[in-house]
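Take a look at the letters that make up each chain.
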Amino acid sequence: MKGITTIIVEDDPMVMQVNRQYIEEIGGFEIVGTAETGHDALALIREIEPHVVILDVYLPDLDGIQTLKELRSSNIPTDVILVTAARDVDTIHNAFRYGAIDYIIKPFKFSRLKSALESYKLLHSKLHRKTSLDQDEIDDLTMSKTRTQETLPKGLNEVTLR
């Protein structure tokens, strides 16, 4: 079985190699391309249409946010996880505004990237094998895992309520 097709966009060759090694160690992902600039990334993403892109913000031409914005305006069905040193609120807000599914600040621990990619695997699996989801499944897919707990009358739990 092929893995989740992945492109890494990073202008620092050393960081590119570390990201590649981490992703390969996690497993379940197939790195189908790499790019060092925003323009090269857009061309590669348009050609391959990978499932997910690991995207840096600081690139020598288009920055990662401009690249993400261009992906969205082109309706390219690719998910994006930002892995970057950018930590200003405007950049983070814009990343989520333009549809990034996660944001990891460099330097990061392997466990953080692993958690993001494992969550993505679950999301990808559910969205590609089912035709509909219930609210609990959607809640399980969100990173925040915030479920509202309705207050039940004393002596009742979900089972007895049903």
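Note: the structure precedes this text.
Here's a quick rundown of the structure.

Reading the values: rules and limits
- Residues numbered from 1 in each chain as written.
- Predicted model: local features only at pLDDT ≥ 70, side-chain atom pairs only at ≥ 80, totals over all residues.
- Heavy atoms only, no water.
- Salt bridge = Lys/Arg side-chain N within 4 Å of Asp/Glu carboxyl O.
- Helix = DSSP H or I, 4+ residues; strand = E, 2+ residues; numbered from the N terminus.
- Buried < 20%, exposed > 50% of the residue type's maximum accessible area, 1.4 Å probe, protein only.
- Contact = heavy atoms within 4.5 Å.
- Polar contact = N/O pair within 3.5 Å; in protein donor to acceptor, adjacent residues only side chain to side chain.

Next up on the list: the pattern of salt bridges. Enumeration over the complete set of coordinates arrives at seven salt bridges. Two residues, Arg-20 and Glu-24, come together in a salt bridge whose shortest N-O distance is 3.7 Å. On the criterion of helical spacing, the pair formed by Arg-20 and Glu-24 is a turn pair, its members being four residues apart in helix α1 (residues 13-26). Residue Glu-70 is joined to Arg-46 by a salt bridge in which the shortest nitrogen-to-oxygen separation is 2.9 Å. Placement of Glu-70 in helix α3 (residues 64-73) and of Arg-46 in helix α2 (residues 38-48) is noted, with a sequence separation of 24 residues between them. Relative accessible area serves as the criterion here: at 31%, Glu-70 is assigned to the partly exposed category.

The subject of this paragraph is the environment of Met-16. Structurally, Met-16 can be placed in helix α1. Expressed as a C-alpha distance, the spacing of Met-16 and Ala-35, which sit 19 residues apart in the sequence, is 9.2 Å. Apart from the residues lying within four places of it in its own chain, the contact partners of Met-16 are Ile-8, Glu-10, Thr-34, Ala-35 and Glu-36.

Taken residue by residue, α2 has Gly-38, Ala-41, Leu-42, Leu-44 and Ile-45 as its buried positions. If you follow the buried residues of α2, they end up packed against β1 (4-9), β2 (29-35), β3 (52-55) and α3. Its side-chain oxygen placed 3.0 Å from the backbone nitrogen of Asp-40, Thr-37 serves as the N-cap of α2. Glu-49 occupies a position one or two residues after α2 and carries a positive phi of about 50°.

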